[in-house]
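Working through the structure, step by step
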Amino acid sequence: MNPQFQYDIFVIGGGSGGLTVVDEAQKLGKRVGLADYIKPSPHGTQWGTGGTCPNVGCIPKKLMHMTALIGEIRHELTATGWQGVDPHSKHNWNTLVNEVQRQVKGINKGNDDWLVTTNGITYYNKLGKLKDDHTIELIDKDGQSEFVTAEYIVIAVGSRPSFPTDIPNVKQLTITSDDLFSLKNAPGKTLVVGASYVALECAGFLTGLGYDVTVMVRSILLRGFDQEIAERIGEFMKISGTKFIRGTIPSSIEDVDGKRLVKWVLNGQEQTDVFDTVLLAIGRSADTQNLGLEQVGVETNKESGKIIANDADSTSVSNIFAIGDCVQGRLELTPTAIMCGKRLIKRLYQNGNQIMEYSDVSTTVFTPLEYGCVGYSEEAATKKFGKENLKIFTSEFTPLFWNFANRKGTCYSKLIVKKEDDVVIGFHYLGPDAAEVTQGFGVVIKLKAKKSDLDNVVGIHPSVAEELVQMQTWK
Ligand code: FAD
Ligand code: NDP
């Protein structure tokens, strides 16, 4: 402990990454300070402790996604003789929002209690700003400042939704995921702008809840993911009722009697439609403005605002670290921010030497037909190893329970294997419970298992996952 400083370690930002650092450091008896402050969205939406994931990210998103999936089962319930279920019953938005917010507030309370009662943690519900390499200014909601000092500083301020710069009043005329999960009025006919994780997940569950949803896609679906599967996701969403407008972006958005008149140009022709809600999901920007980074000499990418950190999470100022969504080149996922925080504390205080590895991280896109993957996409593997050096195994299948109510569409899986050594380098699964199925294959890929190892595994019958250890057809 260095008595020169008030804190051994001070964390700015109490989300997935920041809270992990606080937890791990306090367990080692360190004097830990945390500043976490939520700047309201342009519509004034605010939330409690825990950062993006439990408040306006993973958790409320998954609850709404699951609600839409539960709605689907109405058809199977009717087909299998459950009485009193109307497969065409309407969904009540307010009931869902209240339930989601009840669960979110439960998580907030758990965090609040822990932050306030744990020895060694001092929590400030204040905006943090760097003053010098060991001093942080803490500003409360009334603009009052105090200053604290720390030996190490960790910046974990996350990211916030981006807005286009060329549409007047866009922040007032649209909502983002920051507003959606606590929206007081049902979204109604919705235009979702964007075509990646957030856009497709939200469009998927809004369609499932019964809304008229259109996705406006600038270029491709799910950039960076296996494109054959991305297109299959799009096809499945179309079957489920989501509409797509591809190859364009809104050219203007206007308020007309409380509705949104959206114009866009497609094939040289201007087109228009009127929506109740426009949900922007065009990516996220690092929340690093006004953090005092430049003044202290912490390097950032001028365009994206993201902090530049090395593999050991150190910024250009050696005692200042940065983790999670606010760092350039990191995967923007909760478990990566958490593992990164754990490893940082191990390195700082317990002679750890492991750095966070961002390759072969399993992930799932919670679209109506879920997509889990780990390792290379077919495009990335082809680019790196050459098509002639790969074996691509695929399988198309229908889950048993889909036959009850004749669900349309099919599931799909793909394994990418290097011919040279038979090692599986990519796993892709499009089907029910993708996150649950994919997690175990994350271990398969990490252990560099061979296709022959998978062939030696006896499947679990009847299941969808048995398809994945019996793939014999290659493209
Ligand atoms: P955050 O969790 O964003 O926390 C940063 C905190 O710092 C916030 O509380 C912020 O208010 C605070 N802060 C900012 N500036 C200051 C300041 N100057 N002073 C004090 N406090 C400050 N990931 C998954 O793994 N699975 C999912 O299913 C998933 N779904 C998602 C769905 C949506 C709609 C979104 C938007 C994201 C989703 N993510 C998902 C991504 C995941 O939420 C983020 O990657 C993760 O929360 C990042 O953690 P973090 O600690 O870097 O930042
Ligand atoms: P992404 O950065 O992943 O995608 C942005 C999307 O918006 C792309 O489709 C992009 O199209 C499009 N876009 C960008 N600019 C514009 C514009 N000006 N007009 C129209 N479209 C535009 O952002 P997301 O918000 O979807 O997700 C952020 C991160 O959050 C993800 O990377 C992920 O790590 C995390 N997340 C994880 C989830 C999970 O684990 N299930 C769920 C949700 C989020 P183009 O391809 O043309 O650039």
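Residues numbered from 1 in each chain as written. Chains lettered and ligands numbered in written order. Predicted model: local features only at pLDDT ≥ 70, side-chain atom pairs only at ≥ 80, totals over all residues. Heavy atoms only, no water.

Per an unreviewed UniProt entry, the recorded name for the protein chain is Thioredoxin reductase, and the organism is Paramecium tetraurelia. Listed in UniProt under the heading Sequence similarities (unreviewed entry), the comment for the protein chain reads: "Belongs to the class-I pyridine nucleotide-disulfide oxidoreductase family." (UniProt positions renumbered as here; feature names shortened; annotations may be inferred.)

1. Examining the overall build of the protein chain
Assigned secondary structure in the protein chain consists of 13 helices and 21 strands. Relative to the 2.2 N^0.38 estimate, which gives 23 Å for 475 residues, the radius of gyration of the protein chain is 24 Å and therefore close to what a compact globule would have. C-alpha extents for the protein chain along the principal axes are approximately 70 × 65 × 50 Å. Residues classed as buried in the protein chain amount to 50% of the 475 residues present. Long-range pairs, those at least 24 residues apart, make up 63% of the contacts in the protein chain with a sequence separation of at least 6. Positive and negative side-chain charges in the protein chain, numbering 50 and 56 respectively, have mean positions lying 1 Å apart. (Helix = DSSP H or I, 4+ residues; strand = E, 2+ residues; numbered from the N terminus. Rg over C-alpha atoms; globule rule 2.2 N^0.38 Å. Buried < 20%, exposed > 50% of the residue type's maximum accessible area, 1.4 Å probe, protein only. Contact = heavy atoms within 4.5 Å. Lys, Arg positive; Asp, Glu negative; His and termini not counted. Charge placed at Lys NZ, Arg CZ, Asp CG, Glu CD.)

2. Some points on the site of ligand 1
In the vicinity of ligand 1 lie 34 residues, with Asp-36, Thr-52, Lys-61, Gly-128 and Asp-325 positioned nearest. Contact distances for ligand 1 include 3.5 Å between a nitrogen atom and a backbone N or O atom of Cys-58. For ligand 1, an oxygen atom lies 2.7 Å from a polar atom in the side chain of Lys-61. Look at ligand 1: alone it shows 1000 Å² of surface, and the protein chains cover 93% of it. The set of elements that each furnish at least two residues to the shell around ligand 1 consists of helix 1 (16-27), helix 2 (52-56), helix 3 (58-79), strand 4 (127-132) and helix 10 (334-349). (Near = heavy atom within 4 Å. Polar contact = N/O pair within 3.5 Å; in protein donor to acceptor, adjacent residues only side chain to side chain. Areas by Shrake-Rupley, 256 points an atom, 1.4 Å probe, with all protein chains shown as cover.)

3. A short note on the sheet that holds strand 12 (residues 259-266)
Note on sheets: strands pair through backbone hydrogen bonds, and any given pair is parallel or antiparallel. The three strands are arranged 11-12-13 in an open sheet whose pairing can be described as antiparallel. Unpaired on one side and paired on the other, strand 11 (250-256) and strand 13 (269-275) mark the two borders of the sheet. Strand after strand, the sheet turns through a mean of 20° between neighbouring axes, direction not considered. Sheet topology places strand 11 next to strand 12; six bridges connect them, and they run antiparallel. Looking at strand 12, one finds that Pro-250 is bridged to Trp-264. (Pairing = 2+ DSSP bridges. Axes fitted to C-alpha atoms, helices over the stretch in contact; angles between N-to-C directions.)

4. Quick notes on helix 8 (residues 227-240)
With 14 residues, helix 8 should reach 20 Å at 1.5 Å per residue; the first-to-last C-alpha distance of 20 Å fits that figure. What helix 8 keeps buried is the set Gln-227, Ile-229, Ala-230, Ile-233, Gly-234, Phe-236 and Met-237. For helix 8, the N-terminal cap is Asp-226; the gap from its side-chain oxygen to the backbone nitrogen of Glu-228 is 3.3 Å. Backbone geometry just after helix 8 places Gly-241 at a positive phi near 115°. (Expected span 1.5 Å × (residues − 1).)

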